[in-house]
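Secondary and tertiary structure notes
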Amino acid sequence: MTLILGLETSCDETAAAVVDDTLHVHSNVVATQFDLHERYAGVVPEIASRAHLEKITPVVTEALERASVDVRDLDAVAVGHRPGLVGSLIVGVAAAKALAWSLNLPLIGVDHVEAHLSAASLRGTGYRVQGSGEQDKSETRVNPEHFSRHGAVPPNPEPRTPYPALGLVVSGGHTSLYRVHGPRQLEFLGRTIDDALGEAFDKAAVILGLGYPGGPRIDERSTQGDPAAVDLPRPLLDKDSLDFSFSGLKTALLYAVRGQPVGRGKDARFERDHTHLTEPQIADFAASFQAAAVDVVIEKLNRALYPEAHGLNPWTTKPRSIILGGGVSANRELRRRVQTFAGDHGLACRLPDPAFCIDNAAMIAGHAHALLAEGDTADLTLPVIATTRV
Ligand code: KG4
Ligand code: ZN
């Protein structure tokens with residue numbers, strides 16, 4: 001059995017995990033920084049990198065303890081080294097280099113976006129360390145029944161992915177579509193030209209006064225709302241485009257909640273805001289926003305699946321599955337709709353366990369096994385890079 005320790009510090013989660021070569025997750029520890037960034041309704045890079053520095057050693061120690069693994073049992077150390085906030089990435093990369101060097105182990109640099117598309121292949125469920133620093137170290141296991149209890153689609157019981165696949169990464173930083181020919185053979189199809197889907201959820205939550213991080217809160221409120229209550233646009237760009245655009249949807253929600261602005265830019269004044277809404281109205285807005293966003297995603301999946309109908313290059317081999325990854329793939333409505341879409345089109349559907357949707361190190365360690373098998377290891381010059389390879 002080959003064991004890889006993975007580290008992940010690309011944004012606002014400090015994470016470490018131990019995963020073996022059957023992609024069984026032995027431990028998956030995530031320290032969130034939600035409480036540090038909440039008041040800014042977004043991630044503050046300088047605060048994030050300082051918090052990573054404080055958390056990286058206890059998180060790594062805990063991941064090894066939880067896995068009952070001694071550092072001498074490890075076969076490699078992997079780290080997400082791109083894309084992300086450079087000041088955050090550098091903490092994980094420096095820690096991984098120090099570990100690999102001192103233990104004389106191979107070092108593996110993993111692309112975070114590529115790793116999101118491997119998350120659905122992981123086996124086992126994770127647990128999270130919530131809060132940050134001195135404030136809240138209480139731990140909650142992610143309950144695998146959570147999703148089925150709420151009527152959403154649970155993770156797939158058979159994680160092996162039939163290739164080629166249509167891959168979609170939807171996170172706070174990325175919204176990208178790929179033809180996936182193998183775990184490391186990604187053919188780029190399209191990406192967002194403005195907001196990432198998770199970013200749009202987060203901004204929609206601010207407009208509705210639901211706080212940060214917004215995605216899970218919109219998801220939750222939507223269960224009490226009517227998705228047809230508010231008429232919002234479904235921006236699809238040109239008819240042959242596989243790119244995404246969510247800023248128009250976000251602005252439409254803003255105007256629907258606050259009314260038309262008087263004045264422009266920072267001088268714009270609105271006639272009302274979310275405090276004028278009742279709780280049922282907020283739920284209706286949340287559900288309507290979510291439905292519009294998910295409709296856009298499904299239409300783009302449809303275009304990518306039948307490219308010739310949209311004047312795009314056909315698949316050389318018919319796709320056999322759809323893979324989802326990234327924080328927004330935890331969204332219950334998105335999971336339900338993608339599952340139905342895949343079923344309707346005769347495709348297998350690969351959805352990650354909720355613990356592996358949001359940023360985590362299990363996906364880094366799991367994906368690193370594919371790199372190790374290819375001999376794709378790094379040396380101590382491994383750089384941090386703000387952009388993705390794919
Ligand atoms: O993958 P991730 O943890 O970080 C990035 O790589 O960006 O994704 C975080 C994003 C946030 O925007 C968050 O609001 C969104 O994922 N998210 C959700 C849900 N859970 C997390 N969006 C919609 N519904 C959810 N249940
Ligand atoms: Zn991510």
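That block above? That's the structure.
What this report covers is the structure whose coordinates are included nearby.

About the criteria used
Residues numbered from 1 in each chain as written. Chains lettered and ligands numbered in written order. Predicted model: local features only at pLDDT ≥ 70, side-chain atom pairs only at ≥ 80, totals over all residues. Heavy atoms only, no water. Buried < 20%, exposed > 50% of the residue type's maximum accessible area, 1.4 Å probe, protein only. Helix = DSSP H or I, 4+ residues; strand = E, 2+ residues; numbered from the N terminus. Arc of directions from axis to C-beta. Contact = heavy atoms within 4.5 Å. Core = buried A, V, L, I, M, F, W, Y, C linked by side-chain atoms within 4.5 Å. Salt bridge = Lys/Arg side-chain N within 4 Å of Asp/Glu carboxyl O. Donors = N, O, S within 2.8 Å, 3.2 Å for Na, K, Ca; no water. Tetrahedral: all angles 85-135°; square planar, octahedral: opposite > 155°, others 65-115°. Axes fitted to C-alpha atoms, helices over the stretch in contact; angles between N-to-C directions. Parallel < 35°, antiparallel > 145°, perpendicular 65-115°, else oblique. Left-handed = near helix turned anticlockwise from the far one by under 90°. Nonpolar A, V, L, I, M, F, W, Y, C, P; charged D, E, K, R; others polar. Phe/Tyr/Trp six-rings, centres within 6.5 Å; stacked < 30°, edge-to-face > 60°. Near = heavy atom within 4 Å. Polar contact = N/O pair within 3.5 Å; in protein donor to acceptor, adjacent residues only side chain to side chain. Areas by Shrake-Rupley, 256 points an atom, 1.4 Å probe, with all protein chains shown as cover.

Below, the discussion takes up helix H7 (residues 214-222). Inspection of H7 places Gly-214, Gly-215, Ile-218, Asp-219 and Ser-222 among the buried residues, and these make up the whole buried set. Summarising the axial view, the buried residues of H7 lie within an arc of 135°, below the 170-degree limit, and thus occupy one face. Taken together, the buried residues of H7 touch helix H6 (197-207), helix H9 (279-305) and helix H10 (332-344).

Next up on the list: the environment of Gln-260. Among the structural elements, Gln-260 can be located in the loop between helix H8 (247-258) and H9. Owing to a relative accessible area of 53%, Gln-260 belongs among the exposed residues under this scheme. Along the backbone, Gln-260 and Ala-293 are 33 residues apart, and their C-alpha atoms lie at a distance of 22 Å. Here Gln-260 is in contact with Tyr-255, Arg-269, Phe-270 and Glu-271, once residues within four sequence places are set aside.

So, on to the nonpolar core. Formed by 48 residues in total, the largest nonpolar core has its most connected members in Leu-166, Leu-177, Leu-208, Ile-218, Leu-253, Phe-289 and Leu-301. For this core, the element with the most residues is H9, which contributes 13 residues. Formed by 26 residues, the second largest nonpolar core is a distinct cluster that contains Ala-16, Ile-56, Val-79 and Val-91.

Applying the stated criterion across every chain, the model contains 20 salt bridges. When salt bridges with common partners are traced through the structure, they connect Glu-114, Arg-184, Glu-374, Asp-376 and Arg-389 into a single cluster.

This part is about unusual backbone geometry. Look at the link from Arg-82 to Pro-83: it is a cis peptide, with omega at -15°. For Pro-83, the position within the fold is in the loop between strand E4 (76-82) and helix H3 (86-103). With a phi angle near 65°, Leu-23 is a residue other than glycine that sits in the positive phi range. In this fold, Leu-23 is placed in the loop between strand E2 (13-20) and strand E3 (25-32). Of note in this structure, Ser-68 is not a glycine but carries a positive phi near 50°. Take Ser-68: it is sitting in the loop between helix H2 (45-66) and E4.

Glancing now at the coordination of the zinc ion (ligand 2). The zinc ion (ligand 2) binds to the protein through His-112 (NE2), His-116 (NE2) and Asp-359 (OD); the donor distances cover 2.1 Å. The site at the zinc ion (ligand 2) holds four donor atoms, and with the angles between them running 91 to 143°, its shape is irregular.

The interhelical angle for the contact between H2 and H3, taken along N-to-C directions, is 30°, at an axis separation of 8 Å. The angle between H2 and H3 falls in the class roughly parallel. Judged by the sense of rotation from one axis to the other, the crossing of H2 with H3 is right-handed. Residue-level contacts link Ala-48, Ser-49, His-52, Leu-53, Ile-56 and Val-60 of H2 to Gly-87, Ser-88, Val-91, Ala-95 and Leu-99 of H3. Grouping the constituent residues of the contact of H2 with H3 by class yields seven nonpolar, four polar and no charged.

Before going further, it helps to examine the packing of aromatic side chains. Here the distance between the centres and the angle between the planes together describe a pair of aromatic rings. Following the criterion strictly, the structure yields four aromatic pairs and no others. Geometrically, the ring pair formed by Tyr-178 and Phe-188 is edge-to-face, given 6.0 Å between the ring centres and 70° between the ring planes. With Tyr-178 in strand E9 (residues 175-182) and Phe-188 in strand E10 (residues 185-191), this pair connects stretches of sequence that are ten residues apart. Geometrically, the ring pair formed by Phe-244 and Phe-246 is stacked, given 6.0 Å between the ring centres and 20° between the ring planes.

Around ligand 1 sit 20 residues in total, of which Gly-172, Asp-202, Asp-219, Gly-327 and Asp-359 are the nearest. Here an oxygen atom of ligand 1 and a side-chain polar atom of Asp-202 are 2.6 Å apart. With respect to ligand 1, the side chain of Asn-331 contributes an N or O atom lying 3.0 Å from a nitrogen atom. Contact with the protein chains removes 90% of the 550 Å² of surface that ligand 1 exposes when unbound. If you list the elements that add at least two residues to the shell around ligand 1, you get helix H4 (112-116), H6 and H7.

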